[in-house]
Amino acid sequence: DIIFLMIRRPPRSTLFPYTTLFRSKYSGNYGSKNLFLIPDRKKAIEHAFSHAEKDDTVVLLGKGHEGSIIYDGYSIDWDEKGIALRILKTMGFA
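Source: prediction; values computed, not measured.

Caption draft 1: Expanded view of the side chain of glutamate 66. Counting through the fold element by element, glutamate 66 comes out in the loop between helix H2 (41-51) and strand E3 (68-71). A distance of 3.4 Å separates polar atoms of two side chains, one belonging to glutamate 66 and the other to histidine 65.

See the structure below:
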């Protein structure tokens, strides 16, 4: 199994505490081939899809029902399904 963790609401000022939490909770696995902390949600989805093999399941959780990602002082529009489909299309799967 491979786990890709991305921050649901990634204010840049709070990224360090999340990284510290993941490192302490998953000490031996952090940075290994089985656990990835990727703050940029789109890059994390791309990374997860690129590591998926035949018969694997990739599950995207936490943002599918929301239309934005809130950062410190601003937000960006977010369409998780649309982004996932575009990534899969560029990879030749959709």
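Picking up after the structure, the text goes on.
Caption draft 2: Representation of the pattern of salt bridges within the structure. In this structure the tally under the stated criterion is three salt bridges. One salt bridge in this structure joins lysine 42 and glutamate 46, with 2.9 Å as the shortest N-O distance. Here lysine 42 pairs with glutamate 46, and both are found in helix H2, just four residues apart, close to one helical turn. Exposure remark for lysine 42: the relative accessible area of 38% places this residue in the partly exposed category. Between lysine 54 and aspartate 55 there is a salt bridge whose closest N-O contact spans 3.9 Å.

Caption draft 3: Highlighting H2. Those residues of H2 lying buried are Arg41, Ala44, Ile45, Ala48 and Phe49. Buried residues in H2, looked at end-on, bunch into an arc of 130°, giving them a common side. Capping the start of H2 is the job of one residue whose side-chain oxygen sits 3.1 Å from the backbone nitrogen of lysine 42: aspartate 40.

Caption draft 4: A look at helix H3 (residues 80-90). For H3, every residue scored as buried is listed here: Glu80, Gly82, Ile83, Ala84 and Ile87. For H3, the secondary structure elements touched by its buried residues are H2. A positive backbone phi angle near 85° is found at glycine 92, which sits one or two residues after H3.

Thresholds applied
- Residues numbered from 1 in each chain as written.
- Predicted model: local features only at pLDDT ≥ 70, side-chain atom pairs only at ≥ 80, totals over all residues.
- Heavy atoms only, no water.
- Helix = DSSP H or I, 4+ residues; strand = E, 2+ residues; numbered from the N terminus.
- Polar contact = N/O pair within 3.5 Å; in protein donor to acceptor, adjacent residues only side chain to side chain.
- Salt bridge = Lys/Arg side-chain N within 4 Å of Asp/Glu carboxyl O.
- Buried < 20%, exposed > 50% of the residue type's maximum accessible area, 1.4 Å probe, protein only.
- Arc of directions from axis to C-beta.
- Contact = heavy atoms within 4.5 Å.

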